[in-house]
Amino acid sequence: MAAQRITAIYPGSFDPITNGHLDLIERGSKIFDELIVAVLRNPEKSPLFSLQERVEMLQEVVQHCPNVSVDTFDGLLVDYAVRRQARVILRGIRAVSDFENEMQMALMNRKLDPNLETVFMMPAVAYTFLSSRLVREVCQLGGDTRSLVPPQVEERLRSKAV
Ligand code: ADP
């Protein structure tokens, strides 16, 4: 019997995508047949970048990964996974502080859909301190974000800061 293709979903806010996210996407693209980066449509949050801007930036920076696509979703992640025929949720763990929240989400998603597995990956050590929130703060205070985000994102951050 032929091996089944495995599609994974990497969900998040990506406001904006950082080098840490990109590191995880590249790692994920090597072990899954297809990886869908799914941006949560959350009208209650007030993001720095609009949904469209976040999707555009993601599309620009994943161009070198042919099995990676970008999409948006709302509602339950497990329902979206069924619609996209995905069996895996990919999430990143940077430090112990991520663990508790991620474990709760993974176990809740397993309760909602026992067929869906959450897979955790660790980024390169250099990215373990990196979060979109910190990048936004550094940018808003006039700091240099060049080593934190891909060049296309850095350009857009600079235009937000002025
Ligand atoms: P959320 O709002 O769901 O936390 P994020 O866009 O902040 O969305 O992150 C999406 C996923 O990427 C989460 O699993 C998060 O732990 C992971 N992540 C965020 N930053 C990094 C990083 N620097 N290295 C590895 N994983 C990360």
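Details of the structure are given in the entry above.
All values reported here derive from a predicted model rather than from experimental measurement. (Residues numbered from 1 in each chain as written. Predicted model: local features only at pLDDT ≥ 70, side-chain atom pairs only at ≥ 80, totals over all residues. Heavy atoms only, no water.)

Draft legend 1. Representation of helix α5 (residues 132-140) in the model. Taken residue by residue, α5 has Ser132, Val135 and Cys139 as its buried positions. Viewed end-on, α5 has its buried residues packed into an arc of 60°, placing them on one side of the element. If you follow the buried residues of α5, they end up packed against α1 (19-31) and α6 (151-161). Of the residues flanking the end of α5, it is Gly142, one or two places downstream, whose phi is positive at about 85°. (Buried < 20%, exposed > 50% of the residue type's maximum accessible area, 1.4 Å probe, protein only. Helix = DSSP H or I, 4+ residues; strand = E, 2+ residues; numbered from the N terminus. Arc of directions from axis to C-beta. Contact = heavy atoms within 4.5 Å.)

Draft legend 2. Representation of the site of the ligand in the model. Residues in close proximity to the ligand total 16 residues, the closest being Tyr10, Ser13, Phe14, Gly92 and Leu130. Residue His21 places a side-chain N or O atom 3.2 Å away from an oxygen atom belonging to the ligand. Here Arg94 contributes a side-chain N or O atom positioned 3.2 Å from a nitrogen atom of the ligand. Elements that contribute at least two residues to the shell around the ligand include exactly β1 (7-12), α1 and β4 (88-92). (Near = heavy atom within 4 Å. Polar contact = N/O pair within 3.5 Å; in protein donor to acceptor, adjacent residues only side chain to side chain.)

Draft legend 3. The arrangement of the side chain of Asn19 in detail. Along the chain, Asn19 falls in helix α1. Here the side chain of Asn19 touches Ser147 through a polar contact of 3.0 Å, landing on its backbone oxygen. If we skip the residues at most four places from it in the chain, Asn19 touches Tyr127, Leu130, Ser147, Leu148, Val149 and Pro150.

Draft legend 4. Expanded view of the environment of Met103. Residue position: Met103 is located in helix α4 (residues 96-112). Placed 17 residues apart in sequence, Met103 and Phe120 show a C-alpha to C-alpha distance of 9.9 Å.

Draft legend 5. The pattern of salt bridges, seen in detail. Applying the stated criterion across every chain yields a total of 13 salt bridges. Among the salt bridges present, the one from Arg41 reaches Asp74, with a minimum N-O distance of 3.3 Å. Of this pair, Arg41 sits in the loop between β2 (34-40) and α2 (51-61) while Asp74 is found in the loop between β3 (68-73) and α3 (77-83), placing the two residues 33 residues apart along the sequence. Among the residues examined, Asp74 registers a relative accessible area of 35% and is labelled partly exposed. One salt-bridge network, held together by shared partners, links Glu56, Glu60 and Arg156. (Salt bridge = Lys/Arg side-chain N within 4 Å of Asp/Glu carboxyl O.)

Draft legend 6. Structural view of the sheet that holds β1. Taking strand neighbours across the sheet as the criterion, the 5 strands line up as β3-β2-β1-β4-β5 in an open arrangement whose pairing is parallel. Edge positions in the sheet fall to β3 and β5 (117-121), since each has one partner strand and no second. On average, each strand axis in the sheet is inclined to that of its neighbour by 30°, with strand direction left out of account. For β1 and β2, the ladder comprises 6 bridges, and the chain directions are parallel. Within β2, the position partnered with Gly12 by the bridge is Val39. (Pairing = 2+ DSSP bridges. Axes fitted to C-alpha atoms, helices over the stretch in contact; angles between N-to-C directions.)

Draft legend 7. Structural view of the environment of Val68. Along the chain, Val68 falls in strand β3. Once the C-alpha coordinates of Val68 and Glu100 are considered, the two residues, 32 residues apart in sequence, prove to be 28 Å apart. Setting aside its immediate chain neighbours within four residues, Val68 contacts Ile25, Ser29, Leu35, Val37 and Val62.

In short, shape yes, function no, at least from these values alone.
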